[in-house]
Amino acid sequence: MSLKVTFAEKLLEEITDGKFELQQGVTVLISGGMGSGKTTFLLHLLDYLYADGREVIFWRGREVDQWHHADRRVQFRIFHHVNDKIRFEYDDIKQYYELEHYRTVKEIFEKADNEFVNVVYPPSLDWEAKYSDKNLVAVFREYKQADVVKNDTLMTVRHAFWYSFIYEMKKDKRFCSLIFDEFDDIAERYCKGFKYYMITFLMDSLRYFRQIRKSLYGATQVVTDIDPRILGKIMYHIYMAGAKLHKESVLDKSKVKFADKGQAFIEDKNTGTWAKFEFPPRGIITPILVQLREGEEADEELDGIVDLEEVV
């Protein structure tokens, strides 16, 4: 593995191969300043997990994305909502992906496999309460927040799709990994209302990821942007140049602050062990612009989609 170039090999192995040996998942949070190498590290990680071939890999799709900088041998399946049309800024990457539409989150998992890296783009339209899916209905009932749905609070909340996605991911019986850049989008600090209960759900989900063979590799610029409840469920922290340390970290913050580009520290929060490692550069990571827009003829009735007014 290209990442294993220093004495940090043991800890890096724990977040990659070790989970298969122990039949469990891992939760990893990567943090660092802008340009410190978070995306480069995620791409190295993506290359390795894909080449290993033992799990189903999901990459969080964004409007400005970098998955096309993965190893050229990596093949991608791009998931987009059936009512959306998708267009990439560069046509020369067409040979590396195939498009696949979905109507429900459940359908994504039915079509996803380990032959591809599965890049998932949420619907371009707001995931409104009126036409949400059964996963979110179940979450609302679990936390006794049906009244929140009645008031259409969900209509004003971004990223509701990803809570439904994680709910479905928990039910999948395979080894699965979700690589999620800008993780603070769904785990942000100081939230209230609907979002508070959704982050509670996310915390409860991460608690059981280890037992159900699910892994999360999240990245954020500032670790303190993440809700403390979520930080409590992170098993490994990877700090890059300019990163702020978790309050329980045993690392010397000055070492992390002045680390060079391409250097990082990995820390096992449970044992307090840490090591410094290096990862090779990839040159300039130029993003692609992804345009998602509603199709001219949108389906009005979608399988598995429910009107919350009928079930609340």
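Details of the structure are given in the entry above.
Cut-off values and rules
- Residues numbered from 1 in each chain as written.
- Predicted model: local features only at pLDDT ≥ 70, side-chain atom pairs only at ≥ 80, totals over all residues.
- Heavy atoms only, no water.
- Helix = DSSP H or I, 4+ residues; strand = E, 2+ residues; numbered from the N terminus.
- Buried < 20%, exposed > 50% of the residue type's maximum accessible area, 1.4 Å probe, protein only.
- Contact = heavy atoms within 4.5 Å.
- Areas by Shrake-Rupley, 256 points an atom, 1.4 Å probe, with all protein chains shown as cover.
- Pairing = 2+ DSSP bridges.
- Axes fitted to C-alpha atoms, helices over the stretch in contact; angles between N-to-C directions.
- Phe/Tyr/Trp six-rings, centres within 6.5 Å; stacked < 30°, edge-to-face > 60°.
- Lys NZ or Arg CZ within 6 Å of the ring centre and 35° of its normal.
- Parallel < 35°, antiparallel > 145°, perpendicular 65-115°, else oblique.
- Left-handed = near helix turned anticlockwise from the far one by under 90°.
- Nonpolar A, V, L, I, M, F, W, Y, C, P; charged D, E, K, R; others polar.

Chemist: Requested: an account of the overall build of the chain, with residues and values cited.
Modeler: When helices and strands are tallied, the chain shows 11 helices and 13 strands. Taking all 312 residues of the chain together, 56% fall into the buried category. In the chain, the proportion of contacts linking residues at least 24 apart, taken out of those at least 6 apart, comes to 75%. Accessible area for the chain stands at about 14800 Å²; split by element, carbon and sulfur atoms hold 47% of it.

Chemist: Tell me about the sheet that holds strand β4 (residues 76–81), and name the residues and values.
Modeler: Strands sit in the order β6-β4-β7-β2-β8-β9-β1-β10-β11-β12 across an open sheet of 10 strands; the sheet is mixed. The open sheet has two edge strands, β6 (97–102) and β12 (273–278), and neither has a second partner. The average undirected angle you get between the axes of adjacent strands in this sheet is 20 degrees. When strand β8 (residues 176–180) meets strand β9 (residues 214–220), the two strands line up parallel, connected through 5 bridges. When the sheet's bridge partners are listed, L178 is paired in β9 with L216.

Chemist: Give me the lowdown on the packing of aromatic side chains, citing residues and values where you can.
Modeler: The description of an aromatic ring pair rests on the distance of the ring centres and on the angle between the ring planes. Counting across every chain of the model gives 20 aromatic pairs. On the numbers, 5.2 Å between centres and 65 degrees between planes, the contact of W162 with F165 is edge-to-face. Residue W162 and its partner F165 are located together in helix α7 (residues 160–171), separated by 3 residues, close to a single helical turn. A relative accessible area of 0% means that F165 is categorised as buried. What links up through ring pairs into an aromatic cluster is the set F58, Y102, F109, F161, W162, F165, F180 and F183. One Lys or Arg, R213, reaches over the ring of F175 and ends 4.8 Å from the middle of that ring. Between R229 and the ring centre of Y196, over which it is positioned, the NZ or CZ distance is 4.2 Å.

Chemist: Give a description of the packing of α7 against helix α8 (residues 194–209) that names residues and reports values.
Modeler: As a packed pair, α7 and α8 sit with axes 11 Å apart at the nearest point and diverge in direction by 25 degrees. The orientation of α7 relative to α8 falls into the category roughly parallel. In this structure, α7 meets α8 at a crossing whose hand is left-handed. Side by side, α7 and α8 meet where Y163, I166, Y167, M169 and K170 of the first sit next to K195, M198, I199, F201, L202, S205 and F209 of the second. A per-class count over the contact of α7 with α8 returns 9 nonpolar, 1 polar and 2 charged.

Chemist: Describe the environment of E248, naming the residues involved and giving the relevant values.
Modeler: Topologically, E248 is positioned in the loop between β10 (236–240) and α10 (253–257). Given the relative accessible area of 51%, E248 is considered exposed. For E248 and G272, which are 24 residues apart along the polypeptide, the C-alpha to C-alpha distance reads 8.9 Å.

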